[in-house]
Amino acid sequence: MNEELSELEEVHKLLDCCKDSDVMQLFQKKTYTDAFGRMYQEYIPAFDAIENGYHAADDKERYLTALADALTSYAVEKIDACSRKNKKEHLQMDLNMTMAVFVLPMVLEFHGDSSKPLADEMTRSWKRSFPKTNLQAAPYTTIEDGFHKNWCYITTAVCRTFDKPDDCYELKTLREYRDTYLADSPGGRELIQEYYDVAPSIVKHIDQQPDSAGIYYSIWDEWLAPCISMIEAGQNEACREHYISMVHTLQKKYFH
């Protein structure tokens, strides 16, 4: 029991991995690889302890559930300790981002017998406490590779259909809009996180459709081309609303 308590404390430390930094600043193309590497090396002893506890546990499922629930409960406590609503919302977004791009990828990077089932249990526990989130467990290599696509999953998929390169005008325009306007606007961080949560799944399920090319052409005509025209005209807020509508519409249709 004492050993399990020690491992619960190690789990708490995982959620604090970004406590001295802004997770959004760490989660950038120039900083993510080094930040992830430093954190992973720091927390290897924690993963060793969890792996040893997993092998020693008589009820391995209960052991992982206890660890995952301890992590989620710690997050809830931190959020509840905030006195103001906007601070609660901001912290929850940062913790969700920390889970998505650091904690879960670090768990999977360890490649122990406990790693995949623990990541799955953490995801389930997180969703039970934060049902509005769509947290997914992705390995570090998948996330790091995403930087080469600059996270414009849907636009990249559409441009691929048109046989456009990764540095085409359309992708550059939308990336610049995201980085220079959306990220600094009220609620922009939340929108970027929401997009990160759902866009990969949307693209995956569209790609599985027999008429995927036609779907992407429709997305271009109905959503992306108007957004780009709005950006060119300086109608940044109109583009924001149109892009939000696109993500929500596609989420309802293709997110599973």
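First, a word on scope: everything that follows refers to the structure included in this document.

Calculation rules
- Residues numbered from 1 in each chain as written.
- Predicted model: local features only at pLDDT ≥ 70, side-chain atom pairs only at ≥ 80, totals over all residues.
- Heavy atoms only, no water.
- Helix = DSSP H or I, 4+ residues; strand = E, 2+ residues; numbered from the N terminus.
- Polar contact = N/O pair within 3.5 Å; in protein donor to acceptor, adjacent residues only side chain to side chain.
- Buried < 20%, exposed > 50% of the residue type's maximum accessible area, 1.4 Å probe, protein only.
- Salt bridge = Lys/Arg side-chain N within 4 Å of Asp/Glu carboxyl O.
- Phe/Tyr/Trp six-rings, centres within 6.5 Å; stacked < 30°, edge-to-face > 60°.
- Lys NZ or Arg CZ within 6 Å of the ring centre and 35° of its normal.
- Axes fitted to C-alpha atoms, helices over the stretch in contact; angles between N-to-C directions.
- Left-handed = near helix turned anticlockwise from the far one by under 90°.
- Contact = heavy atoms within 4.5 Å.
- Nonpolar A, V, L, I, M, F, W, Y, C, P; charged D, E, K, R; others polar.
- Disulfide = S-S within 2.5 Å.
- Expected span 1.5 Å × (residues − 1).
- Core = buried A, V, L, I, M, F, W, Y, C linked by side-chain atoms within 4.5 Å.

1. Here we look at the side chain of Thr155
No. 1: In this fold, Thr155 is placed in helix α8 (residues 153-161).
No. 2: In terms of polar contacts, Thr155 uses its side chain to reach the side chain of Tyr243, at 3.4 Å.

2. Let's talk about the side chain of Asn96
No. 1: With respect to the element layout, Asn96 can be found in helix α5 (residues 85-109).
No. 2: Given the relative accessible area of 3%, Asn96 is considered buried.

3. Brief notes about the pattern of salt bridges
No. 1: The tally for this structure, following the rule as stated, stands at seven salt bridges.
No. 2: Where Arg124 meets Glu121, a salt bridge forms, and the shortest distance between an N and an O atom there is 2.8 Å. With Arg124 and Glu121 both in helix α6 (residues 115-129), this residue pair falls three residues apart, about one helical turn.
No. 3: One network of salt bridges, with partners in common, ties together Asp69, Glu121, Arg124 and Arg128.

4. Points about the packing of aromatic side chains
No. 1: This model, assessed by the stated rule, comprises eleven aromatic pairs.
No. 2: Aromatic side chains Phe36 and Tyr140 sit 4.3 Å apart centroid to centroid with 15° between the ring planes, which places their arrangement in the stacked category. Placement of the pair is Phe36 in helix α3 (residues 32-56) and Tyr140 in helix α7 (residues 140-147), with a sequence separation of 104 residues.
No. 3: Members of the aromatic cluster, joined through ring pairs, are Tyr32, Phe36, Tyr40, Phe47, Phe102, Phe110 and Tyr140.
No. 4: Over the ring of Tyr54 we find Lys60; its NZ or CZ atom is 5.6 Å from the centre of that ring.

5. Some details on the packing of helix α9 (residues 169-182) against helix α11 (residues 212-232)
No. 1: Remark: α9 packs on α11, axes separated minimally by 10 Å, with the N-to-C direction vectors making an angle of 65°. The two elements α9 and α11 meet at a crossing, and its hand is left-handed. Residues Tyr169, Glu170, Thr173, Leu174 and Tyr177 of α9 lie in contact with α11, whose contacting residues are Trp220, Leu224, Ile228, Ile231 and Glu232.
No. 2: Its residues assigned to classes, the contact of α9 with α11 comprises seven nonpolar, one polar and two charged.

6. Here's the deal with unusual backbone geometry
No. 1: Positive phi is not limited to glycine here, since His111 has a value of about 60°.
No. 2: You can see His111 is positioned in the loop between α5 and α6.
No. 3: Phi angles above zero are rare outside glycine, and Asp163 is one such case at about 60°.
No. 4: Tracing the backbone through its elements, the reader meets Asp163 in the loop between α8 and α9.
No. 5: For Asp163, a relative accessible area of 68% puts it in the exposed group.

7. Notes on the state of the cysteines
No. 1: Taken as a whole and assessed by the stated rule, the structure comprises zero disulfides.
No. 2: For Cys18, which is in no disulfide, the shortest distance to another cysteine sulfur is to Cys17 and amounts to 3.8 Å.
No. 3: There is no disulfide at Cys159, and the cysteine sulfur nearest it, in Cys168, is 3.7 Å away.

8. Quick notes on α11
An α-helical turn contains 3.6 residues, so any two residues separated by three or four positions project in the same direction.
No. 1: Along its 21 residues, α11 runs 28 Å from first to last C-alpha, staying within 8% of the 30 Å computed at 1.5 Å per residue.
No. 2: Of the positions making up α11, those classed as buried are Ser212, Ile215, Tyr216, Ile219, Trp220, Trp223, Leu224, Cys227, Ile228, Met230 and Ile231.
No. 3: Packed against the buried residues of α11 are α8, α9, α10 (188-207) and α12 (236-254).
No. 4: Count one or two residues on from α11 and you reach Gly234, which has phi positive near 80°.

9. Thoughts on the nonpolar core
No. 1: Met99, Val101, Phe102, Met106 and Met122 are the most contacted members of the largest nonpolar core, which has 51 residues in total.
No. 2: Elements that contribute at least two residues to this core include exactly α1 (2-15), α2 (23-26), α3, α4 (60-80), α5, α6 and α7.
No. 3: Setting aside residues up to four positions removed in sequence, Met122 forms contacts with Leu14, Ala68, Leu71, Met99, Val103, Leu104 and Val107.
No. 4: The next biggest cluster of nonpolar side chains, apart from the first, holds 32 residues, and it includes Val158, Ile192, Val198 and Leu250.

10. What about the environment of Phe47?
No. 1: Here Phe47 shows up in helix α3.
No. 2: Given the relative accessible area of 3%, Phe47 is considered buried.
No. 3: For the pair formed by Phe47 and Glu194, sequence separation is 147 residues and the distance between their alpha carbons is 29 Å.
No. 4: Beyond its immediate chain neighbours, meaning those up to four positions away, Phe47 contacts Leu14, Tyr40, Met106, Val107 and Phe110.

Function cannot be read off these values alone, since they describe shape.
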